[in-house]
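A structural walkthrough
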Amino acid sequence: MKKLYKKSSLPFLCLALILTSCKVQKDVASFEAMNTFMTVQTYGKKASVTNEEIKEKIKDLENHLSTTIKDSDIYRINDNSGSYIDVKQETIELIDFAKSMAEKTDGALNPALYPVIKAWGFTTGNYRVPDDEEIKELLSHTDYSKILIQDEKIKIDEKMMIDLGAIGKGYAGDCAIEIMKKNGISSALMDLGGNVQALGVKPDGSEWTIGIKDPLGKGAVAAIKIKDKAVITSGGYERYFTENGKTYIHIFDGNSGYPVENDLLSVSIVCNSGIYGDALSTSLFVMGSEKAHEFWNKHKDFDAILITKDNKIIYTNNIGDKISILSTFDQIEIWK
Ligand code: AMP
Ligand code: MG
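So, here's what we can say about the structure.

Quick notes on the rules
Residues numbered from 1 in each chain as written. Chains lettered and ligands numbered in written order. Predicted model: local features only at pLDDT ≥ 70, side-chain atom pairs only at ≥ 80, totals over all residues. Heavy atoms only, no water. Helix = DSSP H or I, 4+ residues; strand = E, 2+ residues; numbered from the N terminus. Expected span 1.5 Å × (residues − 1). Buried < 20%, exposed > 50% of the residue type's maximum accessible area, 1.4 Å probe, protein only. Polar contact = N/O pair within 3.5 Å; in protein donor to acceptor, adjacent residues only side chain to side chain. Contact = heavy atoms within 4.5 Å. Near = heavy atom within 4 Å. Areas by Shrake-Rupley, 256 points an atom, 1.4 Å probe, with all protein chains shown as cover. Nonpolar A, V, L, I, M, F, W, Y, C, P; charged D, E, K, R; others polar. Phe/Tyr/Trp six-rings, centres within 6.5 Å; stacked < 30°, edge-to-face > 60°. Pairing = 2+ DSSP bridges. Arc of directions from axis to C-beta.

A look at helix α8 (residues 274-287)
Over its 14 residues, α8 extends 20 Å from the first C-alpha to the last, a length consistent with the 20 Å expected when each residue adds 1.5 Å. Extensive coverage of α8 is indicated by the burial of 14 of its 14 residues. You can read the cap of α8 off the contacts: a side-chain oxygen lies 3.5 Å from the backbone nitrogen of I275, and it is on S273. Downstream of α8 by a residue or two, G288 has a phi angle that is positive, lying close to 85°.

Structure (structure tokens):
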């Protein structure tokens, strides 16, 4: 009988067959939600059903957390300020978390700042610079201690409005990780509009490499290797408008009612939880590098990478062996 293969090629053929049959299935879902573009890359047998489930969950979250979608929980709370409103337990838990982070950050994160943020046109798109009188009046309705929670009901002060924009994407990432785990997925990477979250390591066993975006241009200024972590970034470059030559960014200082103006261009938080990282990236950006340093010294339950306006990169010691610097900085500072 005619030989089909040379004897010596048989082992290679078997190996190729084994590798093909073991090849991990991959599904990439890209979609728009929460005013941003999201990509979820999932590996494993149930990759595609998992991504479908994640997409549905994130759209559902958007539908009850959006400030602008009529009938969302947040919209109804804002529209009925002064009265107790029934909302989903999940919404209550998120508002409760935001309130606790407001206390922890001494108001750097303030979920009740929406009257001010809205007046500047963020989230609605009607950008304008309000005058000082108007800002002062609006600021008097932003006291987060006046968000009251009772069982499944919530009440905010009259004329107050809340916004979970600073934590929503991080929470969505945590929900996605839960869905993945439930479906037996052990390897995935997602980018939810600049919020990166990884489950496990790459299918080949190596860590994921995440770029830290150049806040002033394209490309990355640093890269970090991660496993089972969230890398959440806040920066003025993400959303802003310009009027009379001045740029106004989407992250606000709750003391002044003006967009944040300090020494920072971006803050990336590296930690285990998406929602905590998201709350912290916004908070540390509002604080500026000095207060952010004090805050990190006090808590030390997360890592951070900060890029400053004077071309300095700051990072926490714990991630020193995971970071590669890809750009030329005038100074590198390591927090220990
Ligand atoms: P992030 O991109 O996670 O830093 O969140 C920014 C979004 O959070 C903004 O688009 C606003 O909707 C909202 N926001 C802005 N400033 C603050 C603040 N100081 N505290 C809480 N939310 C804020
Ligand atoms: Mg945030």
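Past the structure itself, the notes keep going.
Observations concerning the environment of G235
Tracing the chain through its elements places G235 in strand β10 (residues 230-235). Of the residues examined, G235 reaches a relative accessible area of 0% and is grouped as buried. Between the C-alpha atom of G235 and that of I307, which follows or precedes it by 72 residues, the distance is 9.4 Å. Residues within four places of G235 in sequence aside, it is in contact with H250, I251, L265, S266 and F285.

Structural notes on the site of ligand 1
In the vicinity of ligand 1 lie 17 residues, with N110, D163, S234, F252 and T282 positioned nearest. At a separation of 3.0 Å, a nitrogen atom of ligand 1 approaches a polar backbone atom of A108. The separation between an oxygen atom of ligand 1 and a polar side-chain atom of D278 is 2.9 Å. Out of a free accessible area of 500 Å², ligand 1 has 96% covered by protein chains. The element that contributes the greatest number of residues to the shell around ligand 1 is α8, accounting for three residues. Broken down by class, the residue content of the shell around ligand 1 amounts to eight nonpolar, five polar and four charged.

Here we look at the packing of aromatic side chains
Taken as a whole and judged by the stated rule, the model has 12 aromatic pairs. When the centroid spacing of 4.9 Å and the interplanar angle of 15° are considered together, the rings of Y127 and F241 count as stacked. In this pair, Y127 sits in the loop between α5 (114-119) and α6 (132-139) while F241 sits in strand β11 (residues 240-243), placing the two residues 114 residues apart along the sequence. In this structure F241 comes out as buried when scored by relative accessible area, which is 7%.

A look at the pairing of strand β6 (residues 187-192)
By the criterion of burial, β6 is predominantly enclosed, with five of the six residues buried. With six bridges connecting them, strand β2 (residues 36-43) and β6 associate as antiparallel partners. When the bridges of β6 are listed, T39 appears paired with D191. Of the strand pairs in this sheet, β6 and strand β7 (residues 195-199) are connected by five bridges, and their pairing is antiparallel. In the sheet register, L189 faces β7, and the bridge partner there is A198.

Notes on helix α9 (residues 289-299)
Here α9 has its buried residues at S289, A292, F295 and W296. Along the axis of α9, the buried residues cluster in a sector spanning 120°; they form a single face. Facing away from the buried surface of α9 by more than 90 degrees, the exposed residues are E290, K291, E294 and K298.

Things to note about the side chain of Q197
Mapped onto the fold, Q197 is located in strand β7. A polar atom in the side chain of Q197 sits 3.1 Å from the side chain of D174. Aside from chain neighbours lying at most four places away, what touches Q197 is K169, G170, G173, D174, I177, A188, L189, M190, K229, A230, I232 and G274.

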